Amino acid sequence: MKYDPLQKRIQPSYKRKKRKPLSEEISQMYKILVVTLTVLGIATIFSYLYVNSLKPAKGYELKQLQLDYEELQSEKRDLERQIIDAQSFQNLETDEKIQEMNPAENDKFTFIEASPYAQNQ
């Protein structure tokens, strides 16, 4: 007997799955679609609620920062007023160092005719 390769039985490389009827596959896909849409809907609702819950917190924080800013502006104006008062001529007249100064005598200084500046002789 001769070996004939055409008569040898060929084994399939994969096994076929039993196919379900089309109605079962449609109902299974329908269930998967409903579950997927439900999960996406719930995720969308929770993310919307989370984002909207952050807005009042940010509004409260913004209000607090505005109040702090106004308070700092008020303190700044008070400090500027104190600086102006300290630099004013009225306070210079009551300063002890200025009271200790001696007035200059006019005969020690001569004035240049074209200028209001004094010159020491």
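Attention here is on the structure that accompanies the text. Predicted, not measured: the structure shown is a model, and the values here were computed from it.

Conventions used here
Residues numbered from 1 in each chain as written. Predicted model: local features only at pLDDT ≥ 70, side-chain atom pairs only at ≥ 80, totals over all residues. Heavy atoms only, no water. Helix = DSSP H or I, 4+ residues; strand = E, 2+ residues; numbered from the N terminus. Buried < 20%, exposed > 50% of the residue type's maximum accessible area, 1.4 Å probe, protein only. Patch = residues over 30% accessible without salt bridge, like charges linked within 9 Å, V, L, I, M, F, W, Y side chains within 5 Å. Areas by Shrake-Rupley, 256 points an atom, 1.4 Å probe, with all protein chains shown as cover. Salt bridge = Lys/Arg side-chain N within 4 Å of Asp/Glu carboxyl O. Contact = heavy atoms within 4.5 Å. Polar contact = N/O pair within 3.5 Å; in protein donor to acceptor, adjacent residues only side chain to side chain. Lys, Arg positive; Asp, Glu negative; His and termini not counted. Charge placed at Lys NZ, Arg CZ, Asp CG, Glu CD.

With that out of the way, let us pick up the overall build of the protein chain. In terms of regular secondary structure, the protein chain is built from three helices and two strands. Each helix (α) and strand (β) of the protein chain, taken in turn from the N terminus, gives the series α-α-α-β-β. When each of the 121 residues of the protein chain is scored for burial, the buried share is 1%.

A separate point is a nonpolar patch on the surface. On the surface, I42, I45, F46, Y48 and L49 cluster together into a nonpolar patch covering about 560 Å² of accessible area. Note on placement: I45 falls in helix α1 (residues 22-87).

This paragraph deals with the environment of K20. Position of K20 relative to the elements: it lies in the segment before α1. Dropping the residues within four chain positions of it, K20 is found in contact with E25 and Q28. At 3.5 Å, the side chain of K20 forms a polar contact with the side chain of Q28.

To continue, consider a negative patch on the surface. A cluster of acidic residues, D68, E71, E75 and D78, forms a negative patch at the surface. Looking at the element boundaries, D68 is found in helix α1. For D68, a relative accessible area of 39% gives the class partly exposed.

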